[in-house]
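What follows is each chain in one-letter form.
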Amino acid sequence: YFRLGNAWSQKKEYDFAMINYMKALNARLQLLGDNHLEIAEVYHAIGMNLMAQKKGEEAASHFEKAYEIRKKLLGEDDQFTIETLCLVFDAKEAKN
């Protein structure tokens, strides 16, 4: 489902992308639990999808979830963790 979400997102079919991202998130949560890098990856993708739709506040929420997982598993100084934190701030600014 995750790859389908990416494919739909590339075509700017954001509603179809979101459906597939949510299916991917639910499937991964069942298999992996809520504290796994693959869960952070899906939250990140959902955030990017929402940003493309100018839904900054909703995007920030998903980026924050990705950030918390990455911070816990990779540490605060990890490049992906830092980039995700930057996206949180970018999304919060975009909501205005």
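Residues numbered from 1 in each chain as written. Predicted model: local features only at pLDDT ≥ 70, side-chain atom pairs only at ≥ 80, totals over all residues. Heavy atoms only, no water.

1. Thoughts on the packing of aromatic side chains
- In this structure the tally under the stated criterion is two aromatic pairs.
- With 5.7 Å between their ring centres and 50° between their planes, Phe2 and Tyr21 make a pair best called tilted. Here the residue Phe2 occupies a position in helix H1 (residues 2–10), and Tyr21 occupies one in helix H2 (residues 14–32), the gap between them amounting to 19 residues. Like Tyr21, Phe2 is buried.
- Measuring from ring centre to ring centre gives 4.8 Å for Trp8 and Phe16, while their planes differ by 35°; the resulting arrangement is tilted.
- Residue class for Trp8 comes out partly exposed when judged on its relative accessible area of 31%. (Phe/Tyr/Trp six-rings, centres within 6.5 Å; stacked < 30°, edge-to-face > 60°. Helix = DSSP H or I, 4+ residues; strand = E, 2+ residues; numbered from the N terminus. Buried < 20%, exposed > 50% of the residue type's maximum accessible area, 1.4 Å probe, protein only.)

2. Details of the pattern of salt bridges
- Applying the stated criterion across every chain yields a total of four salt bridges.
- Its salt-bridge partner being Glu41, residue Arg28 comes within 2.9 Å of it at the nearest N-O pair. With Arg28 in helix H2 and Glu41 in helix H3 (residues 37–52), the pair connects residues that are 13 residues apart, well separated along the chain.
- Looking at Arg28, the relative accessible area reads 16%, which means it is buried.
- What emerges from the salt-bridge pattern is a single network uniting Arg28, Glu38 and Glu41. (Salt bridge = Lys/Arg side-chain N within 4 Å of Asp/Glu carboxyl O.)

3. Looking at the packing of H2 against H3
- At their nearest, the axes of H2 and H3 sit 9 Å apart, and the two run at 165° to each other. One element, H2, and the other, H3, form an angle in the roughly antiparallel class. Of the two elements, H2 crosses H3, and the hand of that crossing is left-handed. The segment H2 lies against H3, with Tyr14, Ala17, Met18, Tyr21, Met22, Ala24, Leu25, Arg28, Leu29 and Leu32 engaging Glu38, Ile39, Glu41, Val42, Tyr43, Ala45, Ile46, Asn49, Leu50 and Ala52. (Axes fitted to C-alpha atoms, helices over the stretch in contact; angles between N-to-C directions. Parallel < 35°, antiparallel > 145°, perpendicular 65-115°, else oblique. Left-handed = near helix turned anticlockwise from the far one by under 90°. Contact = heavy atoms within 4.5 Å.)

4. Overview of the environment of Thr81
- Relative to the helices and strands, Thr81 is located in helix H5 (residues 79–94).
- The class of Thr81 is buried, set by a relative accessible area of 0%.
- Between the C-alpha atoms of Thr81 and Tyr67, which are 14 residues apart in sequence, the distance is 5.8 Å.
- Residues contacting Thr81, with those up to four places away along its chain left out, are Tyr67, Arg70, Lys71, Leu74, Gly75 and Glu76.

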